[in-house]
Amino acid sequence: MSRFTLADLEQRVHDRAGASAEKSYTRQLLDRGVPHCAKKFGEEAVEAVLAAVAEDRERLIAESADVLYHLLVLLQARGIKLAEIEALLESRAKKSGLEEKASR
């Protein structure tokens, strides 16, 4: 199994955000603004859903990688760190899924 983590990907997105648009797709996305980043994330999410429904395992893996990348770009665009998401997930893990959902 790979040792490449979401934290590694977050760092790569952060690093590439500081690069020039001529060299970085991440920078190009960020330069187009939050609405564009959100749209790309949504497109990738739909593609992942379609792959899941089609029971295409390899495509679902590839699309899931795209979803995670585009989510981290969107979070970068909004100045949100992965650690903030992890902290919320940790607090939710202290309750059952049904309990947590009912509390929202």
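None of these values were measured; they are calculated from a predicted model.

Side note on helix 4 (residues 57–78)
Given 3.6 residues to a turn, an α-helix orients residues that are three or four positions apart in the same direction.
Now for step 1: When the terminal C-alpha atoms of helix 4 are compared, their 31 Å separation across 22 residues agrees well with the 32 Å that a helix rising 1.5 Å per residue should span.
Now for step 2: Regarding helix 4, the residues found buried are Glu-63, Val-67, Tyr-69, His-70, Leu-72, Val-73, Leu-74 and Leu-75.
Now for step 3: Those residues of helix 4 that are buried lie in contact with helix 1 (6–17), helix 2 (25–31), helix 3 (34–53) and helix 5 (82–92).

Describing helix 3
Now for step 1: For helix 3, built from 20 residues, the straight-helix expectation of 28 Å at 1.5 Å per residue is met to within 8% by its first-to-last C-alpha distance of 29 Å.
Now for step 2: Residues of helix 3 that are buried: His-36, Cys-37, Lys-40, Glu-44, Ala-48 and Ala-51. Looking straight down helix 3, one finds that the buried residues subtend no more than 115 degrees of arc, so they occupy a single side. Exposed and facing more than 90 degrees away from the buried side of helix 3 are Pro-35, Lys-39, Val-49 and Val-53.
Now for step 3: Immediately downstream of helix 3, the backbone of Glu-55 shows phi near 55 degrees, a positive value.

Observations concerning the environment of Arg-12
Now for step 1: Within the secondary structure layout, Arg-12 lies in helix 1.
Now for step 2: Of the residues examined, Arg-12 reaches a relative accessible area of 40% and is grouped as partly exposed.
Now for step 3: Along the chain, Arg-12 and Thr-26 lie 14 residues apart, while their C-alpha atoms are 9.4 Å from each other.

Some remarks on the side chain of Glu-44
Now for step 1: Examined against the element boundaries, Glu-44 turns out to sit in helix 3.
Now for step 2: Buried within the structure, Glu-44 lacks any salt-bridge partner; its nearest side chain of opposite charge belongs to Lys-40, at an N-O separation of 4.2 Å.
Now for step 3: Dropping the residues within four chain positions of it, Glu-44 is found in contact with Glu-63, Asp-66, Val-67 and His-70.

Digging into the nonpolar core
Now for step 1: One finds Leu-9, Val-13, Ala-17, Leu-29, Leu-30, Cys-37, Tyr-69, Leu-72, Val-73, Leu-74, Leu-75 and Leu-82 forming the largest nonpolar core, which totals 12 residues.
Now for step 2: It is helix 4 that contributes the most residues to this core, five residues altogether.
Now for step 3: Here Tyr-69 is in contact with Leu-9, Val-13, Tyr-25, Thr-26 and Leu-29, once residues within four sequence places are set aside.

So, the packing of aromatic side chains
Now for step 1: For the coordinates displayed, the defined rule picks out one aromatic pair.
Now for step 2: Centre to centre, the rings of Tyr-25 and Tyr-69 are 6.4 Å apart; their planes meet at 20 degrees, and the pair counts as stacked. Taken together, the positions of Tyr-25 in helix 2 and Tyr-69 in helix 4 put the pair 44 residues apart, joining distant regions of the chain.
Now for step 3: With a relative accessible area of 17%, Tyr-69 lands in the buried category.

What about the packing of helix 3 against helix 4?
Now for step 1: Direction vectors running N to C along helix 3 and helix 4 enclose 160 degrees, while the axes themselves pass 8 Å from each other. The angle between the axes of helix 3 and helix 4 places the two elements in the roughly antiparallel class. Handedness of the crossing formed by helix 3 with helix 4: left-handed. Residues Val-34, Cys-37, Ala-38, Lys-40, Phe-41, Glu-44, Ala-45, Glu-47, Ala-48, Leu-50, Ala-51 and Ala-52 of helix 3 lie in contact with helix 4, whose contacting residues are Arg-59, Leu-60, Glu-63, Asp-66, Val-67, His-70, Leu-71, Val-73, Leu-74, Ala-77 and Arg-78.
Now for step 2: Considering only residue class, the contact of helix 3 with helix 4 consists of 15 nonpolar, one polar and seven charged.

The rules behind each value
- Residues numbered from 1 in each chain as written.
- Predicted model: local features only at pLDDT ≥ 70, side-chain atom pairs only at ≥ 80, totals over all residues.
- Heavy atoms only, no water.
- Helix = DSSP H or I, 4+ residues; strand = E, 2+ residues; numbered from the N terminus.
- Expected span 1.5 Å × (residues − 1).
- Buried < 20%, exposed > 50% of the residue type's maximum accessible area, 1.4 Å probe, protein only.
- Contact = heavy atoms within 4.5 Å.
- Arc of directions from axis to C-beta.
- Lys, Arg positive; Asp, Glu negative; His and termini not counted.
- Salt bridge = Lys/Arg side-chain N within 4 Å of Asp/Glu carboxyl O.
- Core = buried A, V, L, I, M, F, W, Y, C linked by side-chain atoms within 4.5 Å.
- Phe/Tyr/Trp six-rings, centres within 6.5 Å; stacked < 30°, edge-to-face > 60°.
- Axes fitted to C-alpha atoms, helices over the stretch in contact; angles between N-to-C directions.
- Parallel < 35°, antiparallel > 145°, perpendicular 65-115°, else oblique.
- Left-handed = near helix turned anticlockwise from the far one by under 90°.
- Nonpolar A, V, L, I, M, F, W, Y, C, P; charged D, E, K, R; others polar.

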